[in-house]
Amino acid sequence: MTKISPLSVPPTDAEADTWWAVQTAAHATDAAGLPALPAPSRLEAAGRLRVPPQRGRLARWTAGDGDGQAALLLFTERGNTHTAFLDELTVRPDARRRGVGTALWQRVHRELLDQGRTSVTTVTDLGGPGQAFAEALGFENVLTMGWYVRELGQDGPPPLPATPGYELHVWPGLVPDAWAPATAVAHGAMEDAPSGDSEETFQPWTAERVRGAQRLVLDRGGEITVVAAVTPAGEVAAYTVLVLPDPRGPRALQYDTVVVPAHRGHGLGRAVKLRMEVYAAEHLPGLRRIGTTVADENTPMRAVNESLGYHRERGAGLFQFRL
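The rules we used
- Residues numbered from 1 in each chain as written.
- Predicted model: local features only at pLDDT ≥ 70, side-chain atom pairs only at ≥ 80, totals over all residues.
- Heavy atoms only, no water.
- Pairing = 2+ DSSP bridges.
- Helix = DSSP H or I, 4+ residues; strand = E, 2+ residues; numbered from the N terminus.
- Axes fitted to C-alpha atoms, helices over the stretch in contact; angles between N-to-C directions.
- Contact = heavy atoms within 4.5 Å.
- Salt bridge = Lys/Arg side-chain N within 4 Å of Asp/Glu carboxyl O.
- Buried < 20%, exposed > 50% of the residue type's maximum accessible area, 1.4 Å probe, protein only.
- Polar contact = N/O pair within 3.5 Å; in protein donor to acceptor, adjacent residues only side chain to side chain.
- Parallel < 35°, antiparallel > 145°, perpendicular 65-115°, else oblique.
- Left-handed = near helix turned anticlockwise from the far one by under 90°.
- Nonpolar A, V, L, I, M, F, W, Y, C, P; charged D, E, K, R; others polar.
- Phe/Tyr/Trp six-rings, centres within 6.5 Å; stacked < 30°, edge-to-face > 60°.
- Expected span 1.5 Å × (residues − 1).
- Right-handed = clockwise from strand over helix to strand, strands pointing away.

Draft legend 1. Molecular detail of the sheet that holds strand S2 (residues 56–63). Here twelve strands make up an open sheet; going across it, the order is S1-S2-S3-S4-S5-S12-S6-S11-S10-S9-S8-S7 and the pairing mixed. Edge positions in the sheet fall to strand S1 (4–6) and strand S7 (167–172), since each of these pairs with one other strand and no more. Taken over all neighbouring pairs, the strand axes of this sheet differ in orientation by 25 degrees on average, direction set aside. Both strand S10 (residues 251–259) and strand S11 (residues 289–295) contribute to a ladder of three bridges, which runs parallel. Paired with Arg251 across the bridge in S11 is Arg289.

Draft legend 2. The environment of Pro53, seen in detail. Note that Pro53 resides in the loop between helix H2 (42–50) and S2. For Pro53 and Ala280, which are 227 residues apart along the polypeptide, the C-alpha to C-alpha distance reads 27 Å. Once residues within four sequence positions are removed from consideration, Pro53 is found in contact with Leu58, Leu73, Leu216 and Arg220.

Draft legend 3. Spotlight on the pattern of salt bridges. Applying the stated criterion across every chain yields a total of 19 salt bridges. Put simply, Glu200 and Arg55 hold a salt bridge, and the shortest N to O gap is 2.6 Å. Placement of the pair is Glu200 in the loop between helix H5 (180–187) and helix H6 (207–219) and Arg55 in the loop between H2 and S2, with a sequence separation of 145 residues. Across the salt bridge formed by Arg209 and Glu77, the nearest N and O atoms sit 3.4 Å from each other. Of the two residues, Arg209 is situated in helix H6 and Glu77 in the loop between strand S3 (68–75) and strand S4 (83–91); the sequence distance between them amounts to 132 residues.

Draft legend 4. Focus on H2. Buried within H2 we find Ala45, Ala46, Gly47 and Leu49. Contacts from the buried residues of H2 go to helix H1 (13–30) and S2. Sitting at the amino-terminal end of H2 is Ser41, which places a side-chain oxygen 3.2 Å from the backbone nitrogen of Leu43.

Draft legend 5. How the structure looks around the packing of helix H7 (residues 268–283) against helix H8 (residues 299–307). The interhelical angle for the contact between H7 and H8, taken along N-to-C directions, is 45 degrees, at an axis separation of 10 Å. As far as their axial angle goes, H8 and H7 are oblique. H7 and H8 meet at a crossing whose hand is right-handed. Residue-level contacts link Gly269, Arg270 and Lys273 of H7 to Met301, Val304, Asn305 and Ser307 of H8. Looking at the contact of H7 with H8 residue by residue, the classes come out as two nonpolar, three polar and two charged.

Draft legend 6. Representation of the packing of aromatic side chains in the model. Applying the stated criterion to the full structure yields four aromatic pairs. A network of ring pairs unites the aromatic residues Trp105, Phe139 and Phe321 as a single cluster.

Draft legend 7. Representation of H6. With 13 residues, H6 should cover 18 Å at 1.5 Å per step; its first-to-last C-alpha distance of 18 Å lies within 8% of that length. Residues Ala207, Arg209, Val210, Arg211, Gly212, Gln214, Leu216 and Val217 constitute the buried set of H6. Buried-residue contacts for H6 involve H5, strand S8 (223–230) and strand S9 (236–244). A positive phi of about 100 degrees marks Gly221, the residue just after H6.

Draft legend 8. Highlighting the packing of H5 against H6. For the pair H5 and H6, the least separation of the axes is 8 Å and the interaxial angle reads 90 degrees. One element, H5, and the other, H6, form an angle in the roughly perpendicular class. On H6, the residues that touch Ala180, Pro181, Thr183 and Ala184 of H5 are Ala207, Val210 and Arg211. The residue makeup of the contact of H5 with H6, split by class, is five nonpolar, one polar and one charged.

Draft legend 9. Representation of the pairing of S4 in the model. When you tally the buried positions in S4, you get seven out of nine residues, the bulk of the element. Two elements, S3 and S4, share seven bridges in a ladder whose sense is antiparallel. Its bridge partner lying in S4, Gly68 is registered against Val91. With three bridges joining them, S4 and strand S5 (residues 119–125) adopt parallel strand pairing. Looking across to S5, one finds that Ala84 is bridged to Val120. Crossover connection from S4 via helix H3 (residues 100–114) to parallel S5: handedness right-handed.

So, to be careful, I would describe these as geometric facts and stop short of saying anything about function.
The following block contains the structure:
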């Protein structure tokens, strides 16, 4: 029988090393056909283990002697205490098909029941072992999406388009206090983003929540930059977020790209993304590519990305299990 043990809080250096080693071994097998997908970073792995999330409580377990691991985010925010997110369930390739993953899932399932949760979601690549395992457990794909990648050329980004009536601002690190409330209001436009049949509900954002989410990236050792299109009246009409989980790595993640409904149709989504590329070329010389996820049904954002040279790297899905 596989022994499942909770991770120390905070984890020791040895535990962080073992956690990272499991991720690295799984990546070497599961991402063998994706040479541009970098191996997990020790800095990011340790940061995520040691700095608690903003939206809930993270429960983590290890299996055997570094055979596998699981991390479960139990939402504590009002409106989502009925659900949770399975942030990770990883088994070393040489320990698979021995019941390790099943034992980890059974521990996760018991925690969900003990905490009164009625559902849990997770994100996994399509066509790989993660999807097969999730579906065998009874998870259903409630939102199909894709990973899209933009290779940053040596010639730099294309010229910036004109944005009459809007000024483009760049905010490395935390959004300035004066702009945090307007950024939170703009984030509300994400409420109409595709979410499939997920039971997780959209929660209103505040200036404090915006800054808390950004501070989490920084506290975990990463870097974050926001590019916003603002109006003369001080409204944030659009913005995009670039995150480097490990500043030394060659790949960044583009988080939310938001255009407020009243300002759509002016090319602002494309403009803020291009301005971000200009910033990256000037200040992030080691950055080689940007990755982002887009739901298949989000046709407008897919069109914007394709116009900028993003290509689909792999498919992914938001899978949900109902208890």
